[in-house]
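Below, each chain spelled out in residue letters.
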Amino acid sequence: MPPVHLVCDSTADLDPAFRAAHTVRVVPLKVIFGDQTLADGVDISAEEFYARLAAPGPFPRTSQPTPAEFEEVFRELGADGGSIVCTTISADLSGTYASATQARAALPDVDIRVIDTRSVAVGHYAAVREAVRVIESGGDADKVENAVAAVRNTGRVLFTVETLEFLRRGGRIGGARALLGSMLDIKPILEIRDGVIEAVGRVRTYPRAIDRVVEECKQAADAWGGAELVIAHADRPQIAAELVERMRPLVSGEPSLTVVGPVVGCHSGPGAIGVGFHKPLS
């Protein structure tokens, strides 16, 4: 059977240990500080990004990969006659999906499946993790595509941020815009719903926001008979580590823990905590 190659964009924020253990080609988005353009996770790490964000200087911007960058990867991987499954950030949050589909159109003789995860960060990571499991168990491209769709269809992504300012500046605030006027008094609970950011609640303190996220995951796991979980933090490793221990008894397998990377961090800001969870697929 021809091989199945997995490609994702860098907004999956894959943990370095996961990337080292599995074969996933990552196409980076860009972080732009003034006139300096840096490839996400290549020219700048998460740790370097948050240190730079805290220093004086221009506020960073982000940009998507070009179709040519995806095409180069697709052409290389498709040379052996195998299929390619490529997952991307929600098309409502970035033009990355459009770039990947343009690249696919340029290679009509290669079996390329470009999938909009309708998510980002922990939700995207969860989709990639399931795709890896299917590929490594010998599944074909159809099975990989179905697994990613199952995560997308059952998964939820909830997160909280210390401030909505970064989402506002980046233009990704979505349905959370209504909370802007009261951000001095509340902490938001936000969700990625069908590819866009929506506000689902607000509380007085950061710990209560995290409590709400945990409770939402617990309710889903109880209803599903378990849940698969990914946790990410933006420069808050201790809080994230404590959250893993707190949530481990609530879910099916071992939670994955990662750091919010530079591109997603441009929009979340430091202090964001996110969880992505979905119904177990097996």
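Residues numbered from 1 in each chain as written. Predicted model: local features only at pLDDT ≥ 70, side-chain atom pairs only at ≥ 80, totals over all residues. Heavy atoms only, no water.

Asker: What should I look at first to understand the packing of helix α8 (residues 206-224) against helix α9 (residues 237-247) in this one?
Answerer: Each pair of packed helices can be summarised by the angle the axes make with each other and by the distance between the axes. Close contact between α8 and α9 brings their axes to 11 Å; oriented N to C, the two are set at 35 degrees. Crossing geometry of α8 relative to α9 is assigned as right-handed. Residues Tyr206, Ile210, Asp211, Val214 and Cys217 of α8 touch α9, and the partners they reach there are Ile239, Leu243, Arg246 and Met247. Residues that form the contact of α8 with α9 fall into these classes: seven nonpolar, no polar and two charged. (Axes fitted to C-alpha atoms, helices over the stretch in contact; angles between N-to-C directions. Helix = DSSP H or I, 4+ residues; strand = E, 2+ residues; numbered from the N terminus. Left-handed = near helix turned anticlockwise from the far one by under 90°. Contact = heavy atoms within 4.5 Å. Nonpolar A, V, L, I, M, F, W, Y, C, P; charged D, E, K, R; others polar.)

Asker: What is the right way to read the confidence of the model for the protein chain from this model?
Answerer: Close inspection of predicted coordinates is inappropriate for parts of the model with low pLDDT. Across the protein chain, pLDDT averages 92, with 93% of residues at or above 70. This stretch, residues 175-182, has a pLDDT under 50; its non-local contacts, to residues over four places away or in other chains, come to 16 contacts. (pLDDT = per-residue confidence, 0-100.)

Asker: I keep staring at the nonpolar core and nothing clicks. Help me out?
Answerer: In summary, soluble globular proteins display a tendency toward joint burial of nonpolar side chains. Residues Leu14, Val24, Phe49 and Val128 are the most contacted members of the largest nonpolar core, which totals 52 residues. Looking at this core, the element that brings in the most residues is helix α5 (residues 122-136), giving eight residues. If sequence neighbours within four positions are ignored, phenylalanine 49 has contacts with Val31, Phe33, Ile44, Pro60, Pro262, Gly265 and Cys266. By size, the runner-up hydrophobic cluster in this structure holds 21 residues, among which are Leu158, Val213, Cys217 and Ile273. (Core = buried A, V, L, I, M, F, W, Y, C linked by side-chain atoms within 4.5 Å. Buried < 20%, exposed > 50% of the residue type's maximum accessible area, 1.4 Å probe, protein only.)

Asker: Help me out: how do you make sense of the packing of aromatic side chains in this one?
Answerer: Where two aromatic rings form a pair, the distance of their centres and the angle of their planes describe that pair. One pass over the full model with this rule turns up five aromatic pairs. Ring centres 6.1 Å apart and planes at 50 degrees place the aromatic pair phenylalanine 33 and phenylalanine 49 in the tilted group. Placement of phenylalanine 33 in strand β3 (residues 30-33) and of phenylalanine 49 in helix α2 (residues 46-54) is noted, with a sequence separation of 16 residues between them. An identical accessibility class is assigned to phenylalanine 33 and phenylalanine 49; each is buried. Considering the side-chain rings of phenylalanine 70 and phenylalanine 74, the 5.8 Å spacing of their centres and the 40 degrees angle between planes classify their relative orientation as tilted. (Phe/Tyr/Trp six-rings, centres within 6.5 Å; stacked < 30°, edge-to-face > 60°.)

Asker: Looking at this structure, how should I read the side chain of histidine 267?
Answerer: With respect to the helices, strands and loops of the structure, histidine 267 is situated in helix α10 (residues 262-268). Only 3.1 Å separates the side chain of histidine 267 from the side chain of threonine 62, close enough to count as a polar contact. (Polar contact = N/O pair within 3.5 Å; in protein donor to acceptor, adjacent residues only side chain to side chain.)

Asker: It is not clear to me how the sheet that holds strand β7 (residues 112-116) should be interpreted in this structure. Could you clarify?
Answerer: Strand pairing in a sheet is mediated by backbone hydrogen bonds. Such pairs are either parallel or antiparallel. The four strands are arranged β2-β1-β6-β7 in an open sheet whose pairing can be described as parallel. The outermost strands of the open sheet, each flanked by one partner alone, are β2 (25-27) and β7. Averaged over neighbouring strand pairs, the angle between their axes works out to 20 degrees when direction is ignored. Direction of pairing for strand β1 (residues 4-9) relative to strand β6 (residues 83-88): parallel, over a ladder of five bridges. Following the sheet pairing, histidine 5 is matched in β6 by isoleucine 84. In the packing of helix α4 (residues 96-105) onto the sheet, the strands contacted are β1, β6 and β7, and the crossing angle to β7 comes to about 165 degrees. (Pairing = 2+ DSSP bridges.)

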